[in-house]
Amino acid sequence: MEINTVNLKDKFDLFSEHWNPKIVGELNGQLVKLAKLKGEFVLHQHEHEDEMFLVIEGKLLMELVDKTLEIKAGEFVIIPKGSMHKPIAIGEVKVLLFEPKSTLNTGDTENQFTVKKLDKI
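Described in the following lines is the structure provided in the data block.

Reading the values: the criteria
All residue numbers refer to position in the chain's written sequence, counted from 1. Per-residue local features are limited, in this predicted model, to residues with pLDDT of at least 70; the limit for side-chain atom pairs, both in listing and counting, is 80 or more; totals at the level of whole chains, interfaces and linings are taken over all residues. Side-chain figures throughout are based on the complete set of non-hydrogen atoms in the structure, without hydrogens or water. The helix count covers DSSP runs of H or I at least four residues long, the strand count covers runs of E at least two residues long, and both are numbered beginning at the N terminus. Our radius of gyration looks at C-alpha atoms and nothing else; its globule reference is 2.2 Å times the residue count to the power 0.38. We call a residue buried when its accessible area falls under 20% of the maximum for its residue type, exposed when it is over 50%, and partly exposed in between, using a 1.4 Å probe and counting protein chains only. In this count, Lys and Arg are taken as positive residues and Asp and Glu as negative ones, while His and the chain termini are left out. Each charge is placed at NZ for Lys, CZ for Arg, CG for Asp and CD for Glu. In what follows, salt bridge is the name for a side-chain nitrogen of Lys or Arg lying within 4 Å of a carboxyl oxygen of Asp or Glu. In protein, a polar contact means a hydrogen-donor-capable atom and an acceptor-capable atom, both N or O and within 3.5 Å, with residues adjacent in sequence counting only if both atoms are side-chain atoms; elsewhere, any N or O pair within 3.5 Å suffices. What makes two residues a contact is simply this: any of their non-hydrogen atoms within 4.5 Å. To qualify as a nonpolar core, a set must consist of buried Ala, Val, Leu, Ile, Met, Phe, Trp, Tyr and Cys residues joined through side-chain atoms within 4.5 Å.

**Describing the overall build of the protein chain**
Across its full length, the protein chain carries one helix and seven strands. Along the chain direction, N to C, the helices and strands of the protein chain fall in the order α-β-β-β-β-β-β-β. Rg of the C-alpha trace for the protein chain: 14 Å, near the compact-globule value of 14 Å for 121 residues, within the 12% margin. In terms of overall dimensions, the protein chain has a C-alpha envelope of 45 × 30 × 25 Å along the principal axes. Relative to its full complement of 121 residues, the protein chain shows a buried share of 41%. Here the protein chain contributes 16 positively and 20 negatively charged side chains, and the mean placements of these two sets differ by 3 Å.

**Brief notes about the pattern of salt bridges**
For the structure shown, the criterion picks out six salt bridges. The residue K94 makes a salt bridge to E57 at a minimum N-O spacing of 3.7 Å. With a gap of 37 residues between them, K94 in strand β6 (residues 86-100) and E57 in strand β3 (residues 51-63) connect regions that are remote in the sequence. The class for K94 is buried, based on a relative accessible area of 15%. For E57, a relative accessible area of 43% corresponds to the partly exposed category. For K59, the salt bridge identified is with E70, shortest N-O distance 4.0 Å. Residue K59 is found in strand β3, and its partner E70 is found in strand β4 (residues 68-72); the two are separated by eleven residues along the sequence.

**As for the side chain of N20**
By the secondary structure assignment, N20 is in the loop between α1 (8-12) and β1 (22-27). Here the side chain of N20 touches E17 through a polar contact of 3.5 Å, side chain to side chain. When near neighbours in sequence (up to four residues on either side) are disregarded, N20 contacts L34 and V115.

**Some points on the nonpolar core**
Within the largest apolar cluster, 17 residues are counted, with the highest numbers of intra-cluster contacts made by L37, F53, L60, M62, V93 and V95. The set of elements that each furnish at least two residues to this core consists of β2 (30-40), β3, β5 (76-79) and β6. Those residues within four positions of F53 in sequence are excluded, and the remaining contacts are L60, M62, E75, F76, V77, I79, H85, P87, L96 and L97. In terms of nonpolar packing, the next biggest core, distinct from the first, is built from seven residues, F12, F15, M52 and L96 among them.

Written out as structure tokens, the structure reads:
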């Protein structure tokens, strides 16, 4: 396996669609993904997987059962498995996601946002 650096800006420049994560790395059964978000997502949970959202650019609101978190560029949040959550992007938001390979982006909910086969860039 060849070892290379990953430039986040270059990778983000390769796609424009929203809510369609792209794989940019893999380690220990975990995927590193980049996504552009815009508007509201769907309320969902992941029964078996934790997720990490690192905001690279923009502001992300994360609606939880009991509160809403504001995550700004340079900040991240870890959503524990089984936690209901709904991401809401204020404008366009660029995020790095770190989660197990088995994680479906919409968790226990399948709808127009569900992406079952992710592209690797």
